[in-house]
2 protein chains.
Amino acid sequence: MKSAQEQFAIIKKGASQIISEEGLMEKLLESVKEERPLIIKFGLDPSAPDIHLGHTVALRKIRQMQDLGHKAVIIIGDFTGQIGDPTGRSKGRKALSKEQVRENAATYMEQIFKVIDPSKTEVRFNSEWLEKLNFEDVIRLASTTTVARMLERDDFKKRYQENVPIGLHEFFYPLMQAYDSVQIHADIELGGTEQTFNVLMGRALQKAKGEKEQTAIFMPLLEGLDGVEKMSKSLGNYICVDEEPEVMFKKVMEVPDSLIIRYFTLVTDVSMDAIKEMEKEMEEGRNPREVKLMLAKEITRIYHGEEAMLRAEKYFETVFREGRIPDQMPEIMLSTKEDTLISIIPRLMELKLIPSGSEFRRLISQGGVTLNEEKVFDINRMFVEKENVLKIGKKKFVRLLRL
Amino acid sequence: MKSAQEQFAIIKKGASQIISEEGLMEKLLESVKEERPLIIKFGLDPSAPDIHLGHTVALRKIRQMQDLGHKAVIIIGDFTGQIGDPTGRSKGRKALSKEQVRENAATYMEQIFKVIDPSKTEVRFNSEWLEKLNFEDVIRLASTTTVARMLERDDFKKRYQENVPIGLHEFFYPLMQAYDSVQIHADIELGGTEQTFNVLMGRALQKAKGEKEQTAIFMPLLEGLDGVEKMSKSLGNYICVDEEPEVMFKKVMEVPDSLIIRYFTLVTDVSMDAIKEMEKEMEEGRNPREVKLMLAKEITRIYHGEEAMLRAEKYFETVFREGRIPDQMPEIMLSTKEDTLISIIPRLMELKLIPSGSEFRRLISQGGVTLNEEKVFDINRMFVEKENVLKIGKKKFVRLLRL
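Residues numbered from 1 in each chain as written. Chains lettered and ligands numbered in written order. Predicted model: local features only at pLDDT ≥ 70, side-chain atom pairs only at ≥ 80, totals over all residues. Heavy atoms only, no water.

1. Quick look at the overall build of chain A
Along its length, chain A carries 17 helices and 11 strands. Projecting the C-alpha coordinates of chain A onto the three principal axes gives extents of approximately 80 × 50 × 40 Å. Counting all 403 residues of chain A, 49% fall into the buried class. Once local pairs closer than 6 in sequence are excluded, the contacts in chain A between residues at least 24 apart make up 68%. Counting only carbon and sulfur atoms, one obtains 49% of the accessible surface of chain A, whose full area is about 19,700 Å². Of the charged side chains in chain A, 61 are positive and 66 negative; the average position of the first set lies 2 Å away from that of the second. (Helix = DSSP H or I, 4+ residues; strand = E, 2+ residues; numbered from the N terminus. Buried < 20%, exposed > 50% of the residue type's maximum accessible area, 1.4 Å probe, protein only. Contact = heavy atoms within 4.5 Å. Areas by Shrake-Rupley, 256 points an atom, 1.4 Å probe, with all protein chains shown as cover. Lys, Arg positive; Asp, Glu negative; His and termini not counted. Charge placed at Lys NZ, Arg CZ, Asp CG, Glu CD.)

See below:
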């Protein structure tokens, strides 16, 4: 086992904030002395079962702590998931059945175990204890905090000031998360910086219950592919950990150059020395695209292994770099012998291969369209072969099949 | 059964506000048509089992409605009583056991049945349904209202603005009261004007649950003996309905003259015509004291019957009007033979029989003090008898005993 000081340094690396550092040090010293693993809490929302690279920032930190000998407890917030939106206003928050939650959780865990260590992980569903609370318990729970304290949370504060209704039940979500900490006797809770209020509420409740306060470790939020907003499913700027290798590879290649180093730091296992070396090389003129290619290989390798990574790299090079015909592409079934380039325009538009008929005509006239590797200039050209490959511009392919 | 219109006029009399009058009329019409009694809800707090005249303002209104054929449901708020103050900060709100609540309730009902009709009354303890709610039910209940709506309640608003903490659990008390209305399918809820927010919340919750909204009838708050603040136990300005006849009589005689007509209107069964006649007589110069005597007799008769009322009246006349020696009076034990008028001054002050030693001297010098029915002028006078009656001024008596 590493010393408390060594562990502290590893845990602190990359964290945006630790509350409190003294508390963490104390816990580590005690853990080493008593040879007792610390309990690290991490909560997940069961309504969105896709784990993306944004989540892995915290998951990787958990893995590091597991490698130091500590134990992770993943809390699946199924209790609220099963209730859904009690007002019925938010269609996106439908109530999930117990089975759906369990299914989602299984999907999750499969993805999560690509990062964290299953042998040092316990999974708990918070309905286990929250379902058992009665009204009196809830009153006692609520009495540990105040209305003013709740209205300090950024989003509540903003909504209250702007007269956007806050359902009274919403005040309970932070309290539930806090109650989870008490139930599992969490030593540490990990969260993104947007979780600050909720994680600190856990500390307050533990204190109110006469328990030791958990250490809050906040990890930075990873920006998504747009380079600005935090990575999230709803913004569409995400890379899921179970994304197909080819898609994952290509998506990483869409990361803005300015974020290459941040991604290396937050979502790969590459050493800080190597990362600093790459940063220096780019400053001295190395093409960021080369470094990004290493990032794409690294990330794809983590989630799919060497072989699939090499395949994804080859596909990327073929389609996006060299313009050769790839193995896979969309298909259009030709209905009659009379089909011509002009008659398939609606279907090409449907597949988003061309923006409009006039643009397609322009491309053809400039020699930008090939049929079976020969340029075509006649928009009334019919298809002779049973299987035809149409290439539009430099990267778009479609297979035209006739039965 | 009286017509809906006749009933409406009787119910409206004396009420400060009805929300809504149209709704009440509709309910009455339906009730007459279907020959179905309306359900009238009235809530009581089990922590203070003494019913005072302030409560009877609403209780008398209930009695009137019972006489019209309707049914009262008295809700004993035992659920919160059993929890007490979960923060432990308020010593006045200790948790009550089920037995204590039942005992208090029995005390209550005995007093209440001096006003309302037991044969048309049902008593329910709200723990019956509130105890059964689980966390999910509470979340759904909370989701029917918003934080902003809660902060509209006068006392919450004031405390929030003045940074006086509001425990989150406090937001549930109005919701519980509202939930009670849903449970008993209340047609009407009666309350003092200070209950406006809570009673209206009942309407909102019934609506949210797809039920008909109860009619809210607010009765005026009765001012206490100080003539300014509303009558309440904690302010000490109250007359309990189970007060001893002599005490009740005397307390009514302490009501300020300006409130005589209001008391007649709100807490007696004297007809409005008779009350108006008395009001006119006083305006024309009749001594208010005479009218107040009628009020004291009326109120004492309601709660103790004719005989006890006559006894109380006689006692009052003896002690407070004629200055004769009453049977009961405070006692002072004389410790030594050396006790003199001057040496008992501290104990007289303690009993609030004199404001100060100098005032006592002044009274003696003016012949305002008698010992065993003889005036005394010497402040150093000792007590010869084993039992002595000291009369100070016109109304104050004290017995001085030596063992």
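2. Digging into a negative patch on the surface
Among the surface-exposed residues, A:Glu277, A:Glu279, A:Glu283 and A:Glu284 lie close enough to one another that they form a single negatively charged patch. The exposure class assigned to A:Glu277 is partly exposed, which follows from its relative accessible area of 40%. (Patch = residues over 30% accessible without salt bridge, like charges linked within 9 Å, V, L, I, M, F, W, Y side chains within 5 Å. Salt bridge = Lys/Arg side-chain N within 4 Å of Asp/Glu carboxyl O.)

3. Notes on the packing of helix 1 (residues 4-12) of chain A against helix 2 (residues 21-34) of chain A
Residues and elements named next belong to chain A. Where helix 1 contacts helix 2, the axes come no closer than 9 Å and their chain directions differ by 135°. Between helix 1 and helix 2, the angle is such that the two are oblique. Between helix 1 and helix 2 lies a crossing whose hand is right-handed. Within the contact between the two elements, helix 1 uses Ala4, Gln5, Gln7, Phe8, Ile11 and Lys12 and helix 2 uses Glu21, Leu24, Met25, Leu28, Leu29 and Val32. (Axes fitted to C-alpha atoms, helices over the stretch in contact; angles between N-to-C directions. Parallel < 35°, antiparallel > 145°, perpendicular 65-115°, else oblique. Left-handed = near helix turned anticlockwise from the far one by under 90°.)

4. Here we look at the sheet that holds strand 1 (residues 17-19) of chain A
Residue and element names in this part refer to chain A. Across the sheet, which stays open at both edges, the six strands sit in the order 1-6-5-2-3-4 with mixed pairing between neighbours. Both outer strands of the open sheet, strand 1 and strand 4 (121-125), are each paired with one neighbouring strand and no more. Within this sheet the neighbouring strands show an average axis-to-axis angle of 25°, counted without direction. Relative to strand 5 (residues 188-192), strand 2 (residues 39-44) runs parallel, the two sharing two bridges. (Pairing = 2+ DSSP bridges.)

5. Remarks on the environment of A:Arg402
Residue and element names in this part refer to chain A. Considering the arrangement of structural elements, one finds arginine 402 in strand 11 (residues 396-402). Relative accessible area serves as the criterion here: at 17%, arginine 402 is assigned to the buried category. With 243 residues separating them along the chain, arginine 402 and arginine 159 place their C-alpha atoms 58 Å apart. Those residues within four positions of arginine 402 in sequence are excluded, and the remaining contacts are Leu334, Thr336, Lys337, Phe383, Val384, Glu385 and Lys386.

6. Let's talk about the interface of chain A and chain B
Chain A puts 33 residues into the contact, and the matching count from chain B is 33 residues. Taking both partners together, chain A and chain B bury about 2,900 Å²; carbon and sulfur atoms supply 79% of that area. If you sort the residues of chain A by the area they bury against chain B, A:Phe135, A:Ile139 and A:Leu168 come out on top, with a joint share of 27%. Linking chain A with chain B are six residue pairs in polar contact (both at pLDDT 80 or more). Of all the secondary structure elements, the ones that give two or more residues to the side of chain A that touches chain B are helix 4 (78-83), helix 7 (135-142), helix 8 (147-150) and helix 10 (172-184) of chain A. (Buried area = accessible area lost by both parts, 1.4 Å probe. Polar contact = N/O pair within 3.5 Å; in protein donor to acceptor, adjacent residues only side chain to side chain.)

7. Regarding the sheet that holds strand 9 (residues 374-375) of chain A
Residues and elements named next belong to chain A. Here we have five strands laid out as an open sheet, ordered 7-11-10-8-9, and mixed in their pairing. Strands at the two margins of the open sheet, each flanked by one partner only, are strand 7 (331-334) and strand 9. Bridge analysis of strand 8 (residues 369-371) against strand 10 (residues 387-392) gives three bridges, and the strand direction is antiparallel. Note on strand 10: the bridge partner recorded for threonine 370 is lysine 391.

8. A look at the confidence of the model for chain A
Of all residues in chain A, 96% have pLDDT values of 70 or greater, and the mean over the chain is 89. Two summary scores accompany this predicted model of the complex, namely pTM at 0.72 and ipTM at 0.71. (pLDDT = per-residue confidence, 0-100.)

9. Observations regarding the pairing of strand 7 of chain A
Residues and elements named next belong to chain A. Where burial is concerned, the two faces of strand 7 differ: the one with Ile332 and Leu334 is buried and the one with Glu331 and Met333 is not. Relative to strand 11, strand 7 runs parallel, the two sharing four bridges. Bridge pairing links isoleucine 332 to leucine 400 in strand 11.

10. Considering the pattern of salt bridges
Enumeration over the complete set of coordinates arrives at 64 salt bridges over all chains. Through salt bridges with shared partners, a single network forms among A:Glu30, A:Glu34, A:Arg36, A:Asp187 and A:Lys212.

11. Some remarks on the packing of aromatic side chains
Residue and element names in this part refer to chain B. Per the stated rule, a full pass over the model turns up 10 aromatic pairs over all chains. Centre to centre, the rings of phenylalanine 249 and phenylalanine 316 are 5.5 Å apart; their planes meet at 45°, and the pair counts as tilted. One end of the pair, phenylalanine 249, is in helix 12 (residues 245-252); the other, phenylalanine 316, is in helix 15 (residues 288-322), with 67 residues separating them in the sequence. Of the two residues, phenylalanine 249 and phenylalanine 316, neither departs from the other in class, the shared state being buried. Stacked on the ring of phenylalanine 125, the Lys or Arg arginine 102 has its end atom at 3.8 Å from the ring centre. The ring centre of tyrosine 238 lies 4.4 Å from the NZ or CZ of lysine 251, which sits over that ring. (Phe/Tyr/Trp six-rings, centres within 6.5 Å; stacked < 30°, edge-to-face > 60°. Lys NZ or Arg CZ within 6 Å of the ring centre and 35° of its normal.)

12. A few points about the nonpolar core
Residue and element names in this part refer to chain A. Grouped together as the largest cluster of nonpolar side chains are 66 residues, with contacts concentrated most on Leu53, Leu190, Ile217, Tyr263 and Ile299. For this core, the leading source of residues is helix 15 (residues 288-322), giving eight residues. When residues no more than four places from it in sequence are discounted, the contact partners of tyrosine 263 are Leu53, Leu222, Glu223, Gly224, Leu225, Met231, Val255, Thr268, Leu295 and Ile299. (Core = buried A, V, L, I, M, F, W, Y, C linked by side-chain atoms within 4.5 Å.)

13. Here's the deal with the relation of the copies chain A and chain B
The operation relating chain A to chain B is a screw motion whose rotation component is 180°, with 0.2 Å of axial translation and a residual RMSD of 0.9 Å. Viewed as a symmetry operation, the transformation between the two copies matches a two-fold axis. Closest to the rotation axis within chain A is the C-alpha of A:Asn134, separated from it by 2.0 Å. Most of the interface of chain A is mirrored in chain B, where 100% of its interface residues are also at the interface. (Least-squares fit on C-alpha atoms with pLDDT ≥ 70 in both.)

14. Observations regarding the pairing of strand 5 (residues 188-192) of chain B
Residues and elements named next belong to chain B. Summarising burial for strand 5: five of the five residues are buried, a large majority. Alternating residues of strand 5 divide into Ile188, Leu190 and Gly192 and Glu189 and Gly191, and every residue in both groups is buried. Bridge count between strand 5 and strand 6 (residues 215-219): five bridges; the pairing is parallel. Paired with isoleucine 188 across the bridge in strand 6 is threonine 215. You can see the chain leave strand 5, run along helix 11 (residues 196-208) and come back into strand 6, and the turn it takes is right-handed. (Right-handed = clockwise from strand over helix to strand, strands pointing away.)

15. A look at helix 2 (residues 21-34) of chain B
Residues and elements named next belong to chain B. For helix 2, spanning 14 residues, the distance from its first C-alpha to its last is 20 Å, which sits close to the expected 20 Å at 1.5 Å a residue. Listed in full, the buried residues belonging to helix 2 are Leu24, Met25, Lys27, Leu28 and Ser31. Buried residues of helix 2 fall within an arc of 165° about the axis and therefore sit on the same side. Along helix 2, the residues that are exposed and aim more than 90 degrees away from the buried face are Glu22, Glu26 and Lys33. (Expected span 1.5 Å × (residues − 1). Arc of directions from axis to C-beta.)

16. Some details on the side chain of B:Thr370
All names here are of chain B. Inspection of the secondary structure puts threonine 370 in strand 8 (residues 369-371). The exposure class assigned to threonine 370 is buried, which follows from its relative accessible area of 17%. Beyond its immediate stretch of four places on either side in the chain, threonine 370 contacts Lys375, Val376, Val389, Leu390 and Lys391.

17. Topic: helix 5 (residues 98-112) of chain B
Residues and elements named next belong to chain B. End to end, helix 5 covers 20 Å across 15 residues, agreeing with the expected 21 Å (1.5 Å per residue, within 8%). If you check which residues of helix 5 are buried, you get Val101, Asn104, Ala105, Tyr108, Met109, Gln111 and Ile112. When helix 5 is viewed along its axis, its buried side chains cluster within an angular range of 155° and face the same direction. Residues Glu99, Glu103 and Glu110 are exposed on helix 5 and point more than 90 degrees away from its buried face.

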